[in-house]
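An overview of the molecular structure
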Amino acid sequence: MSNEPLRCAGALIVDPEGRLFFQRRSPDRRLFPNCWDIVGGHLEPGETVEQALRREVTEETGWQVTEILGPVGEFRYVGDDGVARIESDWLVRVDGDLAAPTLEAGKHTEFRWLGPDEVDLLDEHRHIDDGLIRQLAERAFAVLRSTPS
């Protein structure tokens, strides 16, 4: 087994009203069960971050990435499974029916579009010291405010 951190890509999807997309992980997921999360996952061998972003958005929502607006940040963490990860997160726009994502069966149970004043919801079912997804959302809203329309 490699000691290298697992590379991950995350997409913070923004809608025309400036809200961000979040989905709830299924309660039986090994990592962050029943928690709100962004779209994303591990890079496959030979895949770039951009390729992973596009693939993960399509796999998890059925939508297509139309624009990558910019980076939100890169985060290092160790999951509940003990695996170290480096996650590169990006603000993106997509094409598709934003009211009806095709959530991955067995992986996600619901979705929400949240505005900047609703990010406290993202702490639901998270460890008191976690807060990563809420912090990520706050950073994404800051990037969005500084990005020309």
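Everything that follows concerns the structure shown earlier in this document.
**Quick notes on the overall build of the protein chain**
For the protein chain, the helix and strand inventory stands at 2 helices and 7 strands. Element order for the protein chain, N to C, with α for helix and β for strand: β-β-β-β-α-β-β-β-α. Here the C-alpha atoms of the protein chain give a radius of gyration of 14 Å, agreeing with the 15 Å that 2.2 N^0.38 yields for 149 residues. When the 149 residues of the protein chain are sorted by exposure, 47% land in the buried category. In the protein chain, of all internal contacts separated by at least 6 residues, the share reaching a separation of at least 24 is 67%. With the model as given, the accessible surface of the protein chain reaches about 7900 Å², and the carbon-plus-sulfur share is 49%. In the protein chain, which carries 17 positive and 29 negative side-chain charges, the distance between the mean positions of the two groups comes to 2 Å.

**Description of the sheet that holds strand β1 (residues 6-13)**
Taken in spatial order, the 4 strands make up an open sheet running β4-β1-β6-β5, and their pairing is mixed. Pairing within the sheet leaves two strands with one partner each, and these edge strands are β4 (39-42) and β5 (64-78). Along the sheet, successive strands turn relative to each other by an average axial angle of 20°, direction set aside. In the sheet, β1 pairs with strand β6 (residues 84-95) via 8 bridges, with the strands oriented parallel. In the strand pairing of β6, Ala9 is matched with Ser88. Where helix α2 (residues 132-146) meets the sheet, its contacts fall on β1, β5 and β6, and the angle it forms with β5 comes to roughly 140°.

Cut-offs used in this document
Residues numbered from 1 in each chain as written. Predicted model: local features only at pLDDT ≥ 70, side-chain atom pairs only at ≥ 80, totals over all residues. Heavy atoms only, no water. Helix = DSSP H or I, 4+ residues; strand = E, 2+ residues; numbered from the N terminus. Rg over C-alpha atoms; globule rule 2.2 N^0.38 Å. Buried < 20%, exposed > 50% of the residue type's maximum accessible area, 1.4 Å probe, protein only. Contact = heavy atoms within 4.5 Å. Areas by Shrake-Rupley, 256 points an atom, 1.4 Å probe, with all protein chains shown as cover. Lys, Arg positive; Asp, Glu negative; His and termini not counted. Charge placed at Lys NZ, Arg CZ, Asp CG, Glu CD. Pairing = 2+ DSSP bridges. Axes fitted to C-alpha atoms, helices over the stretch in contact; angles between N-to-C directions.

These results come straight from atomic positions and should not be treated as a statement about function.
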